[in-house]
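# A closer look at the structure
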Amino acid sequence: MTSPLLDHSPASLPARSYRDAGWHEGELAAVWRQEWVAVGRRTDFPERTIRRRTIGGAEVIVVNDGKVLRAFHNVCRHRGSELCTADTPLGRLISCPYHAWAYAPDGRLMSTAFGTATPDFDRTEHGLLPVHLKIWNDVVFLSAAEEAPEFQTDVGTRTLANWPMESLRTGHRHEAIIQCNWKVFWENYSECLHCPGIHPGLSDMIPVYKLGVMAEAERSDGGAALPALKEGAMTWTEDGQPCGPPFPGLTEAERAEGHRFVTIWPSAYVVAHVDYVRLVRLEPLSPTETRLTAEWLFPEETLAQPGFDASAVARFATQVLNEDAAACEMNQRGLASPAFAAGRLMPQEYEIHAFHQWVLKRLARGGHAP
Ligand code: FES
Ligand code: FE
């Protein structure tokens, strides 16, 4: 097993990158408006509806015409009015509330209403401005980049192939506004040095976490391999027991894993268990505020079990999310200190280092180099 640990202690990002409005604007433009950003599951965009979303500060609409999902910037091509002021059912056309220019659900401009078009005005050049849309494992992703970037996760795009993602239903949802920069959230997510101190319950469930590492490959203590989950546990529930029938398509190895993390920077991660799946999405609200939306996805037959309580299943991971949120907020409060310029990373924080490089590369590419 090759150790992923760093052989040096690189500097962390400068403290101002976690609080500075200008730096944040650069990240919205170079990261959040370029990359694929998760905005919900397919069922959040029902047939014949228009739903509003924000990606990297850009207001967009997602239009479901009954066949296809499409996304556009929420701006009218006439004089730039906001086009949809609320989530609405989709009529025959999408009409601007200001002077009634009307667009087809596929974005074509169909009418300029009372405005009389002159010969130099070409309607076909004034359709709605498109936003790229992609559905991956039933999660809807948008990219406001001119050219859509390649869709990537940290472990490939086929990694959930044996989980029936399309047929799962959301049984529980947890939303929180965390008083921290979005990068602080990912940094916390990317290391387990904090696990023994911050997550006693989780560290009890996942023995390797007690050592302050995320996986066997990171260990340097030379001890015997530890089980993925504590003795007798199969999944992330309070008693470690599955909340319904395990997914039938999983391999033996997948069943033994206990959890499979898939990370899609900058906006989402999925944790697939033997019996349910958790989808967590992030949205940066300001340099120091991040909205977190977590959903617990179950097979219908699990939800249909008499007396099934999805919130009881969610309790274990919600506790972990809350512990992490409190740690992130504590981190953010410290980052406000005028005395702190930048930190240092430890070898176990290799994923944070990779994340920093990922962000810096995009800032440089977008001309927002610090
Ligand atoms: Fe939309 Fe005038 S701004 S019709
Ligand atoms: Fe944590």
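Residues numbered from 1 in each chain as written. Chains lettered and ligands numbered in written order. Predicted model: local features only at pLDDT ≥ 70, side-chain atom pairs only at ≥ 80, totals over all residues. Heavy atoms only, no water.

Secondary structure summary: the protein contains eight helices and 17 strands in total. Radius of gyration (C-alpha) of the protein: 23 Å, near the 21 Å computed for a compact globule of 370 residues. In terms of its C-alpha atoms, the protein occupies a principal-axis envelope of roughly 80 × 55 × 30 Å. Of all 370 residues assigned to the protein, the portion counted as buried reaches 49%. If you take every contact in the protein between residues at least 6 apart in sequence, the share linking residues at least 24 apart comes to 64%. Surface accessibility of the protein: about 17100 Å² in total, with carbon and sulfur atoms responsible for 52%. Put simply, the protein has 35 plus and 46 minus side-chain charges, and the middle of one group is 6 Å from the middle of the other. (Helix = DSSP H or I, 4+ residues; strand = E, 2+ residues; numbered from the N terminus. Rg over C-alpha atoms; globule rule 2.2 N^0.38 Å. Buried < 20%, exposed > 50% of the residue type's maximum accessible area, 1.4 Å probe, protein only. Contact = heavy atoms within 4.5 Å. Areas by Shrake-Rupley, 256 points an atom, 1.4 Å probe, with all protein chains shown as cover. Lys, Arg positive; Asp, Glu negative; His and termini not counted. Charge placed at Lys NZ, Arg CZ, Asp CG, Glu CD.)

Time to look at the sheet that holds strand S11 (residues 139-143). Within a beta sheet, neighbouring strands are joined by backbone hydrogen bonds and run either parallel or antiparallel to one another. One open sheet holds the seven strands; their spatial order is S2-S11-S10-S5-S4-S3-S6, and the pairing between them is antiparallel. At either end of the open sheet lies a strand with only one pairing partner, and these are strand S2 (37-41) and strand S6 (88-89). Looking at chain direction, strand S4 (residues 58-64) and strand S5 (residues 69-73) are connected through five bridges and run antiparallel. Note that in S5 the partner of Asn 64 across the bridge is Leu 69. (Pairing = 2+ DSSP bridges.)

A separate point is the pattern of salt bridges. Inspection of the entire model under this criterion finds 20 salt bridges. Here Glu 175 and Arg 291 are joined by a salt bridge, their closest N and O atoms 3.4 Å apart. A residue pair is termed long-range when its members are at least 10 positions apart, and Glu 175 in strand S12 (residues 169-178) and Arg 291 in strand S16 (residues 289-298) qualify at 116 residues. A relative accessible area of 25% means that Arg 291 is categorised as partly exposed. (Salt bridge = Lys/Arg side-chain N within 4 Å of Asp/Glu carboxyl O.)

With that settled, the discussion passes to the state of the cysteines. This structure, assessed with the given rule, holds one disulfide. There is a disulfide in this structure between Cys 192 and Cys 195, and the S-S distance comes to 2.0 Å. Its S-S torsion of about -90° marks the bond between Cys 192 and Cys 195 as left-handed, since a negative value means left-handed. Here Cys 180 is not cross-linked by a disulfide; its sulfur's nearest cysteine counterpart is in Cys 328, at 4.5 Å. (Disulfide = S-S within 2.5 Å.)

Now for the coordination of the iron ion (ligand 2). A four-donor tetrahedral metal ideally has 109.5 degree angles, and a six-donor octahedral metal ideally has angles of 90 or 180 degrees. Around the iron ion (ligand 2), the protein contributes the donor atoms His 194 (NE2), His 199 (NE2), Asp 324 (OD) and Asp 324 (OD), at 2.0 to 2.7 Å from the metal centre. Coordination at the iron ion (ligand 2) comes from four donor atoms whose angles at the metal span 53 to 147°, giving a geometry best classed as irregular. (Donors = N, O, S within 2.8 Å, 3.2 Å for Na, K, Ca; no water. Tetrahedral: all angles 85-135°; square planar, octahedral: opposite > 155°, others 65-115°.)

Attention shifts here to the environment of Cys 243. Secondary-structure assignment places Cys 243 in the loop between helix H4 (200-205) and helix H5 (252-257). For the pair formed by Cys 243 and Gln 305, sequence separation is 62 residues and the distance between their alpha carbons is 9.5 Å. Every residue in contact with Cys 243, bar those within four places of it in the chain, is listed here: Asp 275, Tyr 276, Phe 298, Thr 302, Gln 305, Phe 308 and Val 313.

Burial analysis of S4 places six of its seven residues in the buried class, which makes it a mostly covered element. Pairing between strand S3 (residues 49-55) and S4: seven bridges, direction antiparallel. Residue pairing for S4: Arg 52 is matched across the bridge by Ile 61. The antiparallel hairpin formed by S4 and S5 contains four residues in its connecting segment, where Gly 66 sits at a positive phi of about 100°.

Further remarks concern the nonpolar core. Ranked by internal contacts, the top residues of the largest apolar core, which has 64 residues, are Leu 142, Phe 185 and Trp 186. Considering every element that reaches this core, the biggest residue donor is helix H7 (residues 310-335), with 10 residues. Residue contacts for Leu 142: discarding those within four places in its chain leaves Glu 35, Trp 36, Val 37, Val 39, Ile 55, Val 60, Val 62, Ala 71, Val 131, His 132 and Leu 133. Within the second largest apolar cluster, 21 residues are counted, among which are Leu 160, Val 270, Ala 272 and Leu 297. (Core = buried A, V, L, I, M, F, W, Y, C linked by side-chain atoms within 4.5 Å.)

Before going further, it helps to examine the sheet that holds strand S14 (residues 268-272). Taken in spatial order, the five strands make up an open sheet running S12-S16-S15-S14-S13, and their pairing is antiparallel. Each edge of the open sheet is held by one strand with a lone partner, namely S12 and strand S13 (260-264). Within this sheet the neighbouring strands show an average axis-to-axis angle of 15°, counted without direction. In this sheet, strand S15 (residues 277-286) lies alongside S14 in antiparallel orientation, the contact comprising five bridges. Considered in S15, the bridge of Ala 272 is made with Val 277. (Axes fitted to C-alpha atoms, helices over the stretch in contact; angles between N-to-C directions.)

This part takes up the environment of Ala 341. Turning to its location among the elements, Ala 341 is positioned in the loop between H7 and strand S17 (342-344). Each C-alpha atom of the pair Ala 341 and Asn 331 lies 14 Å from the other, and the pair is 10 residues apart in sequence. Contacts of Ala 341, omitting those with residues within four sequence positions, involve Pro 14 and Ala 15.

Let us look at helix H1 (residues 21-32). The element H1 is extensively covered by neighbouring structure, given that nine of its 12 residues are classed as buried. Those residues of H1 that sit buried are Trp 23, His 24, Gly 26, Glu 27, Leu 28, Ala 29, Ala 30, Val 31 and Trp 32. For H1, the side-chain oxygen to backbone nitrogen distance between the N-cap and Gly 22 is 3.0 Å, and the N-cap itself is Asp 20. (Polar contact = N/O pair within 3.5 Å; in protein donor to acceptor, adjacent residues only side chain to side chain.)

For the rest of this paragraph, the subject is unusual backbone geometry. In this model, Trp 265 is joined to Pro 266 through a cis peptide bond whose omega is 0°. Summarising the element assignment, Pro 266 is placed in the loop between S13 and S14. Unlike most non-glycine residues, Asn 137 shows phi in positive territory, near 50°. Since its relative accessible area comes to 15%, Asn 137 is described here as buried.

Just geometry here; none of it tells us what the structure is for.
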